[in-house]
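Results of the structural survey
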Amino acid sequence: MSLRAVDLTKIYLVGQGVKALDQVSVDFPPGSFTVVTGPSGCGKSTLLSILGGLERPTYGEVWMGERRVDRLGEGELARLRLGSIGFVFQAFHLLADLTAAENVAMPLRLARRPAARERALELLEQVGLGQRADHYPHQLSGGEQQRVAVARALANRPAVVLADEPTGNLDSRSGTDVIALLRRFNREQGQTTVVASHDPVLLAEPGRVLRLRDGRVE
Amino acid sequence: MILPYALRGVRKHAGVFALLAGTVAVSVALAALLLGAVSSATAAFVARVPPVPLPAPAVAFYATGGAGYAAQRMPTSLGQQLVVAGLPGTAGPGPGQVSAPTWLVQAANLRVGDPVVVGGRAFRLAATYTASWDHALPVLSVGRGSLPLAGKLYAGVDPPPGAAWVLRPGTGTAAARADLGSVYSPVDLVVAGVAVLGGLGVADTFLLSLLRRRRQLGIARALGWETGQVAAWLLLEAAGMAALGIVVGALLAEAVAPAAGLPRPGPADLLVALLVVSAALALAARRPAAWLRARTVSDLLR
Ligand SMILES: Nc1ncnc2c1ncn2[C@@H]1O[C@H](COP(=O)(O)OP(=O)(O)OP(=O)(O)O)[C@@H](O)[C@H]1O
Ligand SMILES: [Mg+2]
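In short, a report on the structure. Bear in mind the structure is a predicted one, so any value in this text is a computation, not a measurement.

The next point concerns the overall build of chain A. A count of helices and strands for chain A gives seven helices and 10 strands. Out of the 218 residues in chain A, the part that is buried amounts to 56%. A separation of at least 24 residues holds for 70% of the contacts in chain A among residues at least 6 apart in sequence. Here chain A displays about 9300 Å² of accessible surface, and carbon together with sulfur accounts for 48% of that area.

The following block contains the structure:
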């Protein structure tokens, strides 16, 4: 599914106001893999949050296919996130009380998919963690946790995957693994993938790079 | 779908909860022991009063326990009003006399001057008083000061040893029982007070855990949980803790009450517990729901 931002502007009302995004228009074609980069504070996280419906733009529009999503109600947004968007975060954000398999199965259960556990195990197998299914996040390394997070993001076969600095907390080796995973899923399953990062490994790879500076597209 | 996650939470918070339950249990036990001590003091007090010959009792009202001291020490909102209203004051009875609230006098068809038996000893009903609270207790005045005859008031003909009797020949037992069956004693008030404090404690812990788990809630929202589902999750978790609390509390009470000479918890006590807990839950759930709605998912994840 294509993902489109039109004149996105985000102003945070603190102090005199921070313009985190300034009229950003960008088109992510279906199945594309885009790296969003730029110096710290340039608005990468803000862009991804708004694209994924985690917050709303001050001005501008977000389109997912033919659907305008920035105006959806909270309930519809939640269902959109559940069914169509997969998130990967810098801090992994696994649920600490749940095992790896339960973390991956959670979105499946929420969406009332049958055989949630079987599919979760299959996904863990695909990210190379078949043996760690019943381990809790604190029993896993950072790289392993992030792979669980990738598996969870892909559980409901989303049309869009948004990853905010997925390698930011990882050593270069685990980071490379995670990037390889995201690329592989993008290639094999065609999710429109947007990755915010300043990881040189990621930037060196072929593919589209979107550079932001002070909330604008360079 | 939500229930399993709520159960996880209950399991995870069981530690904090056990601590809280322990504190509450210790307070209840202390209160119970105190009440037990006061109860025997009352019995000893009553025993010193000389007996008066009386006709055989036809109807007996009796009070178990004896919580006068605790009742007088209770905060205004719980018991003081009751005791102050119940104190005979200037029109009160002298040594060896009993005064009773009007509802009791009416229910038992008593008149001032009628003979009453307290703790196996006889007195005359010297005065009546209007209690601002329906369930005020009869007051026994022996020498200096006065003591409410605490505990639950029952109608019956077979009071336990040490119970106080209020007699009125020729009155039917059944009518009296209907009037007096659901009277609450200061003991219940103390326990209810402790329960309220415990409930507030749980509500507080719950709010705290909410703030601590802000990120967890953010993750759930990012993954597609709706605000209502998250709130239901939290509420179920709190309800689970509360249920656990009621069970643990009832078991503790069952264990502690006989040792302290208190009545065992009955269905009415469970009802009170349920009411308190529901109120605490309602209190605890409203704030987080509003709190959640006021925040974007990004806010929660930050
Ligand atoms: N909730 C907020 N309230 C106020 N200002 C914010 C908020 N979130 C972000 N900002 C500001 O918006 C700007 C863009 O922030 P953003 O997090 O999108 O940057 P970023 O490119 O992701 O940076 P980094 O590489 O450090 O993660 C920054 O100046 C930041 O201080
Ligand atoms: Mg960022």
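Anyway, onward from the coordinates.
Helix and strand counts for chain B come out as 10 helices and eight strands. Evaluated residue by residue, chain B yields a buried proportion of 46% over its 302 residues. When the accessible area of chain B is evaluated, it comes to approximately 14300 Å², of which 66% is carbon and sulfur surface.

This part covers the pattern of salt bridges. Residue and element names in this part refer to chain A. In this structure the tally under the stated criterion is 14 salt bridges over all chains. Of the charged contacts in the structure, one is a salt bridge between Arg-56 and Glu-74, with a shortest N-O distance of 3.3 Å. In this pair, Arg-56 is assigned in the loop between α1 (44–51) and β4 (59–64) and Glu-74 in helix α2 (residues 74–84), connecting sequence segments 18 residues apart. By relative accessible area, Glu-74 is classed as partly exposed at 37%. Through salt bridges with shared partners, one network takes in Lys-19, Asp-22 and Arg-216.

With that settled, the discussion passes to the interface of chain A and chain B. With 24 residues of chain A at the contact, the number on the chain B side is 20 residues. For the pair chain A and chain B, the two sides together bury roughly 2200 Å², of which 57% comes from carbon and sulfur. The interface formed by chain A and chain B includes two salt bridges. Among the salt bridges present, the one from Arg79(A) reaches Glu226(B), with a minimum N-O distance of 2.6 Å. Counting every contact that joins chain A to chain B gives seven residue pairs in polar contact (both at pLDDT 80 or more). Breaking the side of chain A that touches chain B down by element, the ones donating at least two residues are α2 and α3 (100–110) of chain A. Sort the elements by how many residues they give to the side of chain A that touches chain B and α2(A) lands first, with six residues.

Surrounding ligand 1, one finds 14 residues, the nearest of these being Ser40(A), Gly41(A), Lys44(A), Ser45(A) and Thr46(A). Chain contributions to the surroundings of ligand 1 come from chains A and B. The separation between an oxygen atom of ligand 1 and a polar main-chain atom of Gly43(A) is 3.0 Å. Here ligand 1 loses 69% of its free accessible area of 630 Å² to cover by the protein chains. Elements supplying a minimum of two residues to the shell around ligand 1: β2 (18–28) and α1 of chain A. Of the residues assigned to the shell around ligand 1, the class counts are five nonpolar, six polar and three charged.

All names here are of chain A. Spatially, six strands are ordered β6-β7-β8-β3-β9-β10 in an open sheet, and the strand pairing comes out mixed. Each edge of the open sheet carries a strand with a single partner, namely β6 (85–88) and β10 (216–217). Relative to strand β9 (residues 208–213), strand β3 (residues 33–37) runs parallel, the two being bridged by four bridges. Looking at the pairing, Val-36 lines up with Leu-210 of β9. α1 contacts β3, β6, β7 (160–164), β8 (192–196) and β9 of the sheet and is inclined by roughly 155 degrees relative to β7.

Right, let's get into α3(A). Residues and elements named next belong to chain A. The buried count for α3 comes to nine of 11 residues, which makes it a mostly enclosed element. For α3, the complete set of buried residues consists of Ala-100, Ala-101, Asn-103, Val-104, Ala-105, Met-106, Pro-107, Leu-108 and Leu-110. A positive backbone phi angle near 55 degrees is found at Arg-112, which sits one or two residues after α3.

Now for the packing of aromatic side chains. Under the defined criterion, the tally for this structure stands at two aromatic pairs over all chains. Both rings, one in Phe87(A) and one in Phe89(A), keep their centres 5.7 Å apart while their planes meet at 10 degrees; by these two values the pair is stacked. Note on Phe87(A): relative accessible area 5%, which makes it buried. Overall, the relative accessible area of 11% leaves Phe89(A) in the buried class. Pairing Trp225(B) with Trp233(B) gives two aromatic rings, centres 5.0 Å apart and planes at 40 degrees, and the pair type is tilted. As far as burial versus exposure is concerned, Trp225(B) and Trp233(B) are alike and both buried. The ring of Phe185(A) has Arg184(A) lying over it, and the distance from NZ or CZ to the ring centre is 5.2 Å.

Cut-off values and rules
- Residues numbered from 1 in each chain as written.
- Chains lettered and ligands numbered in written order.
- Predicted model: local features only at pLDDT ≥ 70, side-chain atom pairs only at ≥ 80, totals over all residues.
- Heavy atoms only, no water.
- Helix = DSSP H or I, 4+ residues; strand = E, 2+ residues; numbered from the N terminus.
- Buried < 20%, exposed > 50% of the residue type's maximum accessible area, 1.4 Å probe, protein only.
- Contact = heavy atoms within 4.5 Å.
- Areas by Shrake-Rupley, 256 points an atom, 1.4 Å probe, with all protein chains shown as cover.
- Salt bridge = Lys/Arg side-chain N within 4 Å of Asp/Glu carboxyl O.
- Buried area = accessible area lost by both parts, 1.4 Å probe.
- Polar contact = N/O pair within 3.5 Å; in protein donor to acceptor, adjacent residues only side chain to side chain.
- Near = heavy atom within 4 Å.
- Nonpolar A, V, L, I, M, F, W, Y, C, P; charged D, E, K, R; others polar.
- Pairing = 2+ DSSP bridges.
- Axes fitted to C-alpha atoms, helices over the stretch in contact; angles between N-to-C directions.
- Phe/Tyr/Trp six-rings, centres within 6.5 Å; stacked < 30°, edge-to-face > 60°.
- Lys NZ or Arg CZ within 6 Å of the ring centre and 35° of its normal.

These values are about where atoms sit, not about what they do.
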